[in-house]
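# Reading the structure
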Amino acid sequence: LGARRVGSVQEPVPATGCQQKSSVSGPTGSNRFRGGLGPGMTPAYWSAATLGRIGPAAAEALPALRLAAAGDDPRLAVAAAGALWRIDRSPDALTLLTARLDGPAATAALEEIATMGSAAAPAASLVATYLNAPPQRHWWTPAHAALALWRLTGEAGQAAPVLTAARSEEPR
């Protein structure tokens, strides 16, 4: 298995003739594909993101997703909060996502907030504060904030200059 990026998540893709199956054994001795789910992607993260893509038909997973969204793993929490929104338009999703904006999953949280569109408009002023990222952050934080702000408000006024500037930046 390999991985490809789709929106804010990575999806596993079947191995092709160019990819080789590894006989690397995991902690239980089972064989795995080298690189499996992608860097930093855990089975729990992949499951939460996939349940979100399934949508309302995955409603039976809501209790587990609520636990994961409030948990200590920031990437999993963001994926689970996004899934809560996609499955039942959970009103808690926005609060759970905005709580992750200052952590290591900030850009993923901004992407999930962007997918909520105008339903996340109450967070627009908070999202706007990320348009000018501090120097220790990468250029993509303000770029993701700009996209999210545009999706929330429908106005490109604040977003366009940030996205134009990000276009000329080199990833750090």
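The rules behind the values
- Residues numbered from 1 in each chain as written.
- Predicted model: local features only at pLDDT ≥ 70, side-chain atom pairs only at ≥ 80, totals over all residues.
- Heavy atoms only, no water.
- Helix = DSSP H or I, 4+ residues; strand = E, 2+ residues; numbered from the N terminus.
- Buried < 20%, exposed > 50% of the residue type's maximum accessible area, 1.4 Å probe, protein only.
- Contact = heavy atoms within 4.5 Å.
- Areas by Shrake-Rupley, 256 points an atom, 1.4 Å probe, with all protein chains shown as cover.
- Core = buried A, V, L, I, M, F, W, Y, C linked by side-chain atoms within 4.5 Å.
- Phe/Tyr/Trp six-rings, centres within 6.5 Å; stacked < 30°, edge-to-face > 60°.
- Lys NZ or Arg CZ within 6 Å of the ring centre and 35° of its normal.
- Expected span 1.5 Å × (residues − 1).
- pLDDT = per-residue confidence, 0-100.
- Axes fitted to C-alpha atoms, helices over the stretch in contact; angles between N-to-C directions.
- Left-handed = near helix turned anticlockwise from the far one by under 90°.

Below, the discussion takes up the overall build of the protein. In terms of helices and strands, the protein carries eight helices and two strands. Going residue by residue from the N terminus, the α and β elements of the protein occur as β-β-α-α-α-α-α-α-α-α. Buried residues in the protein amount to 41% of all 172 residues. Expressed as a percentage of contacts within the protein between residues at least 6 apart in sequence, the contacts between residues at least 24 apart total 54%. Split by element, the accessible area of the protein, about 9,600 Å² in all, is 58% carbon and sulfur.

This part covers the nonpolar core. Of all hydrophobic cores here, the largest spans 41 residues; its most connected members are Leu65, Leu97, Ile113, Met116, Val127 and Leu152. Broken down by secondary-structure element, the contributors of at least two residues to this core are α1 (43–54), α2 (62–69), α3 (74–88), α4 (92–98), α5 (106–116), α6 (124–128), α7 (140–153) and α8 (159–167). Tallying contributions element by element places α3 first for this core, with nine residues. If near-sequence neighbours (up to four positions away) are discounted, Leu97 is found in contact with Val78, Ala81, Gly82, Ala109, Glu112, Ile113 and Met116.

A complete count under the given rule lists zero aromatic pairs for this structure. Positioned over the ring face of Tyr45 is Arg75, at 4.5 Å from the centre of the ring.

Another point: α1. For α1, built from 12 residues, the straight-helix expectation of 16 Å at 1.5 Å per residue is met to within 8% by its first-to-last C-alpha distance of 16 Å. One or two residues past the end of α1 sits Gly55, with phi positive at roughly 85°.

With that settled, consider the confidence of the model for the protein. Mean pLDDT over the protein: 79, with 72% of residues reaching 70 or higher. In the predicted structure, residues 1–6 sits below a pLDDT of 50 and forms 24 contacts with residues beyond four places in sequence or in another chain. With pLDDT under 50 throughout, residues 8–35 is counted as low confidence; its partners more than four residues away or in other chains account for 49 contacts.

Looking now at the packing of α2 against α3. Here α2 crosses α3 at 145°, and the two axes come no closer than 7 Å. Here α2 runs over α3; the crossing is left-handed. Contacts from Leu62, Leu65, Arg66, Ala68 and Ala69 of α2 reach α3 at Leu76, Ala77, Ala80, Ala81, Ala83, Leu84, Ile87 and Asp88.

Once that is clear, we can look at unusual backbone geometry. If you check the backbone angles, Arg89 has positive phi at about 55° while not being a glycine. Relative to the helices and strands, Arg89 resides in the loop between α3 and α4.

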